[in-house]
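Residue-level listing of the chains:
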Amino acid sequence: MRFLFAMAAALLLASPASAQLVVPLTTPDGRVACTQGLTGVGRPPTWQSVADPNGPDGWTLAEMAGDPTDLRFPLCISEQAVARDFDATLRFKPISGTRAQVAGLLFRAQSASDYYVVRANALDNSVRLYRVEKAKRSQLAAKEVPIEAGQWHSLRVIAANDRFEVALDGKPLFDVTDRSLPQAGPMGVWSQADSVTHYGSLLVSPVR
């Protein structure tokens, strides 16, 4: 699977420094607003809009298939947010999961097998940055940090050239460099196994 990138969707590449893009994951009438995909094995993804008063327009996005396969990584890609360099913040609330309780922010996607992802896991209380290439994960950085299930959190990623800075709930965790994927690509959300996580707002700005 490869994503088709319309030039008109590359809003961040031409935005002024003060602009902020609200990336829609759901629509105001409760429909999924991103393109579903899968890395790895297991059941096809089942992304759904879930009512939540703290989500945009009263809706959040969640992956609901309930498949506990470890190497199953559902994606939902927004072709409205295409960028190489950005400052993005994703709000999420872990709900449940036996194998993982994960929230992930995926970026610079070239396909369903080629991208970066920062993921937070409420089961092992860690945030990790992965480079996914040919559907295989390589860990670039990690930090243990408390992540409480049933509570809203914010995951922030600043990507500039080959440098990536990651913060959780306003606390800087790590920064790392990697040169293996310099191209612009769409952003989206990422899950693992049977994780049920409510994804709220995704706000993206150019790097200042």
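Conventions used here
Residues numbered from 1 in each chain as written. Predicted model: local features only at pLDDT ≥ 70, side-chain atom pairs only at ≥ 80, totals over all residues. Heavy atoms only, no water. pLDDT = per-residue confidence, 0-100. Contact = heavy atoms within 4.5 Å. Core = buried A, V, L, I, M, F, W, Y, C linked by side-chain atoms within 4.5 Å. Buried < 20%, exposed > 50% of the residue type's maximum accessible area, 1.4 Å probe, protein only. Helix = DSSP H or I, 4+ residues; strand = E, 2+ residues; numbered from the N terminus. Salt bridge = Lys/Arg side-chain N within 4 Å of Asp/Glu carboxyl O.

A. Here's a closer look at the confidence of the model for the chain. A residue-level look at the chain finds 91% of positions with pLDDT of 70 or above and a mean pLDDT of 92. Between residues 1–17, whose pLDDT stays under 50, and residues either more than four places distant or in other chains, the model counts 37 contacts.

B. Quick peek at the nonpolar core. Residues Phe-86, Phe-107, Val-127 and Tyr-199 are the most contacted members of the largest nonpolar core, which totals 40 residues. Here the element with the most residues in this core is strand β6 (residues 86–96); it accounts for 4 residues. Within the second largest apolar cluster, 13 residues are counted, among which are Ile-77, Ala-109, Ala-112 and Val-132.

C. Summary view of the pattern of salt bridges. With the rule as written, the count across this model stands at 14 salt bridges. Note that Arg-72 is salt-bridged to Asp-67, the shortest N-O span being 3.8 Å. According to the relative accessible area criterion, Asp-67 is buried, its value standing at 7%. The shortest N-O distance in the salt bridge between Asp-87 and Arg-156 comes to 2.5 Å. On the criterion of sequence distance, the pair formed by Asp-87 in strand β6 and Arg-156 in strand β11 (residues 153–160) is long-range, its members being 69 residues apart.

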